[in-house]
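Residues per chain are reported as follows:
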Amino acid sequence: MADREPGFAGRVAWVTGASRGLGRALVRAFADAGAEVVATARSADALHELAAEVRAAGGTIHLAPGSVASENDLADAIASIEAYTGRLDVLVNNAGVSPSFRHAETVPTDEWHEVLDVNLTGAFLAQARALELLAADGGGAVVNVSSVHGVSGHERLAAYSASKGGLEALTRTLAVEWAPRGVRVNAVAPGYLETDMTSGLRAHDRWSQALLDRIPIGRFGTVEEVVPAVLFLAGDSARYITGTTLSIDGGWTAR
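Residues numbered from 1 in each chain as written. Predicted model: local features only at pLDDT ≥ 70, side-chain atom pairs only at ≥ 80, totals over all residues. Heavy atoms only, no water.

Caption draft 1: Quick look at the nonpolar core. One finds Leu26, Val27, Phe30 and Val92 to be the most contacted residues of the largest nonpolar core, which totals 37 residues. At the level of secondary structure, the elements contributing two or more residues to this core comprise strand 1 (12–16), helix 1 (21–32), strand 2 (36–40), helix 2 (44–56), strand 3 (60–63), strand 4 (90–93), strand 5 (141–145) and helix 8 (227–234). No other element matches the seven residues that helix 1 contributes to this core. With residues near it in sequence (within four places) discarded, Leu26 still touches Val15, Val92, Val227, Val230 and Leu231. Listed in part, the 34 residues of the second largest apolar core include Trp14, Val97, Leu120 and Val142. (Core = buried A, V, L, I, M, F, W, Y, C linked by side-chain atoms within 4.5 Å. Buried < 20%, exposed > 50% of the residue type's maximum accessible area, 1.4 Å probe, protein only. Helix = DSSP H or I, 4+ residues; strand = E, 2+ residues; numbered from the N terminus. Contact = heavy atoms within 4.5 Å.)

This is the structure we're talking about:
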């Protein structure tokens, strides 16, 4: 489990993209820190496996399977949260799809829409639909999971970069709009992590080394190095922080 961020006991955290990688680690970390967790992902089987792990460790978890790209699935998730807990303190928009890594002029239109629908529109809709719950009882926190490519361009990542750049702009806008309602909106922007999403690139001799050459620290990151930043932004220690994006990229954007 991750290092504990105090103050999540009695709180409810909703994590999307929860079935693997960073999302899975975040669910376990929030539960370990005392939060009641709601987990959303497209794979119901993977969610049930995760739930068994969390409950075996003494945590509390509820499942709301579905896709953030589906308005019906999001409506069902909000209804489930209201039924399970009646409140929501934290939303982590982690759901995302991996880009196909192709030149911009060859990206099919349906693939462009799929990436934007999940990575940007899905995150927007989850926040918008959850606002009333987040704003109740004194307010809550949103943490959007962006990427190093939200601000740093890279060949063959047009749709992905556009979606993450848009997510960071959305983060800043909602932070301003929702601050009067007590809802903080921030983001984290990880670099290349050792997850399933990057496995193909990390296994490729040329691309793996090309990526490592751009990371001053000289290695890929781990989900365990991102989790504490998310818990920090979601917790009381960050109660005077909103509209910011915290880069966790091994120095990629410092070059």
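Caption draft 2: Layout of the packing of helix 3 (residues 71–84) against helix 4 (residues 109–135). Look at helix 3 against helix 4: their axes get within 10 Å of each other, and the N-to-C directions meet at 30°. In terms of their interaxial angle, helix 3 and helix 4 are classed as roughly parallel. The crossing of helix 3 and helix 4 is right-handed. Contact with helix 3, carried on its side by Glu71, Leu74, Ile78, Ile81 and Glu82, involves Gly122, Leu125, Ala126, Arg129, Ala130 and Leu133 of helix 4 and no other residues of that element. For the contact of helix 3 with helix 4, the residue count by class is seven nonpolar, one polar and three charged. (Axes fitted to C-alpha atoms, helices over the stretch in contact; angles between N-to-C directions. Parallel < 35°, antiparallel > 145°, perpendicular 65-115°, else oblique. Left-handed = near helix turned anticlockwise from the far one by under 90°. Nonpolar A, V, L, I, M, F, W, Y, C, P; charged D, E, K, R; others polar.)

Caption draft 3: The packing of helix 1 against helix 2, seen in detail. Running from N to C, helix 1 and helix 2 point in directions that differ by 30°, and their axes come no closer than 10 Å. Here helix 1 is positioned roughly parallel relative to helix 2, judged by the angle of their axes. Crossing of helix 1 over helix 2 shows right-handed handedness. Counted together, Arg24, Val27, Arg28 and Ala31 of helix 1 and Ala46, Glu49, Leu50, Glu53 and Val54 of helix 2 form the full contact between these two elements.

Caption draft 4: Fine view of the layout of surface pockets. Size it by volume and the largest pocket reaches roughly 800 Å³. In terms of lining residues, the largest pocket is bounded by 40 residues, among which Asn94, Gly96, Val97, Thr195 and Met197 are the most central. Listed by contribution, the elements that provide at least two residues to the lining of the largest pocket are helix 1, helix 5 (158–178) and helix 6 (199–203). Counted by class, the lining of the largest pocket contains 17 nonpolar, 19 polar and four charged residues. The calculated volume of the second largest pocket comes to roughly 220 Å³. If you trace the second largest pocket, you find 15 residues lining it, with Arg11, Gly138, Gly139, Gly140 and Asp236 closest to the centre. For the lining of the second largest pocket, the per-class residue count stands at three nonpolar, five polar and seven charged. (1 Å grid on protein atoms, 1.4 Å probe; cavity = no way out; pocket = protein on both sides within 12 Å on 5 of 7 lines; lining within 4 Å. Points joined across faces, edges and corners; volume = space filled by probe spheres on them.)

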